[in-house]
Amino acid sequence: MLAGTLAPRDASSHGDVTPQPVDTTGLEPLGPDWRAESPYRGNAVATKIGQSAYNQNCARCHGIDAISGGIAPDLRFLEETAEGDAWFLNRIRKGAVINGEPKMPPFEKLMNQEAMWAIRAYIDSRPEE
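Each value, and the rule that gives it
- Residues numbered from 1 in each chain as written.
- Predicted model: local features only at pLDDT ≥ 70, side-chain atom pairs only at ≥ 80, totals over all residues.
- Heavy atoms only, no water.
- Helix = DSSP H or I, 4+ residues; strand = E, 2+ residues; numbered from the N terminus.
- Polar contact = N/O pair within 3.5 Å; in protein donor to acceptor, adjacent residues only side chain to side chain.
- Contact = heavy atoms within 4.5 Å.
- Axes fitted to C-alpha atoms, helices over the stretch in contact; angles between N-to-C directions.
- Parallel < 35°, antiparallel > 145°, perpendicular 65-115°, else oblique.
- Nonpolar A, V, L, I, M, F, W, Y, C, P; charged D, E, K, R; others polar.
- Core = buried A, V, L, I, M, F, W, Y, C linked by side-chain atoms within 4.5 Å.
- Buried < 20%, exposed > 50% of the residue type's maximum accessible area, 1.4 Å probe, protein only.
- Salt bridge = Lys/Arg side-chain N within 4 Å of Asp/Glu carboxyl O.

**Student:** I keep staring at the side chain of aspartate 74 and nothing clicks. Help me out?
**Tutor:** Assignment of secondary structure puts aspartate 74 in the loop between helix H3 (59-62) and helix H4 (82-94). Within the structure, aspartate 74 has its side chain in polar contact with the backbone nitrogen of serine 68 (distance 3.4 Å). When sequence neighbours within four positions are dropped, the list of residues in contact with aspartate 74 reads Ala66, Ile67 and Ser68.

**Student:** So what exactly am I meant to see when it comes to the packing of helix H2 (residues 44-57) against helix H5 (residues 113-125) here?
**Tutor:** The packing of two helices is summarised by the inter-axis angle and the distance between the axes. Close contact between H2 and H5 brings their axes to 7 Å; oriented N to C, the two are set at 95 degrees. Comparing the axis directions of H2 and H5 gives the class roughly perpendicular. Across from Ala46, Thr47, Ile49, Gly50, Gln51, Ala53 and Tyr54 in H2, the residues of H5 making contact are Ala118, Ile119, Ala121, Tyr122, Ile123 and Ser125. When its residues are assigned to classes, the contact of H2 with H5 shows nine nonpolar, four polar and no charged.

**Student:** Sorry if this is basic, but what is going on with the nonpolar core here?
**Tutor:** A general trend in soluble globular proteins is that nonpolar side chains are found buried together. Counting residues in each nonpolar core, the largest one holds 29 residues, and the members touching the most others are Tyr54, Ile92, Met111 and Ile119. For this core, the secondary structure elements donating two or more residues are H2, H4 and H5. Broken down by element, this core gets its largest block of residues, eight residues, from H5. Setting aside residues up to four positions removed in sequence, isoleucine 119 forms contacts with Gly50, Ala53, Tyr54, Cys58, Phe88, Ile92 and Met111.

**Student:** I'm lost on the pattern of salt bridges in this one. Help?
**Tutor:** Between side chains of opposite charge, a pair can form when the charged atoms approach closely. For the structure on display, the rule yields nine salt bridges. Residue arginine 41 is joined to glutamate 80 by a salt bridge in which the shortest nitrogen-to-oxygen separation is 3.9 Å. Residue arginine 41 is found in the loop between helix H1 (8-11) and H2, and its partner glutamate 80 is found in the loop between H3 and H4; the two are separated by 39 residues along the sequence. The partner of aspartate 85 in a salt bridge is arginine 120, with the nearest N and O atoms 2.7 Å apart. Taken as a pair, aspartate 85 in helix H4 and arginine 120 in helix H5 lie far apart in primary sequence, 35 residues in all.

Right, dumping it as structure tokens:
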């Protein structure tokens, strides 16, 4: 199932990269209520879907293979805990504004929670090195 279509206005806050929908076929549907913790941690299917979704939507700022080049936080160091999950989910859903300047667009209207948690599963799979 696709996360939805993107309207041009949705992409404007993401610079010159148009956010891509994520095909979450093969993942257990999570329903309408947002999960507080990652339901896909260690799930190979979610990790594969998350890798593709990350590369299409996150790598430009957060780095290829989830290794930050300094533009945005290195997400590999995000704790694999309820607190880390809460921070991740808040950021990906609501975006980030720092000193009044948008730094990350909100993805809540662009992706479903299955796609977001799949990205989290991929990030969790990346070694901190």
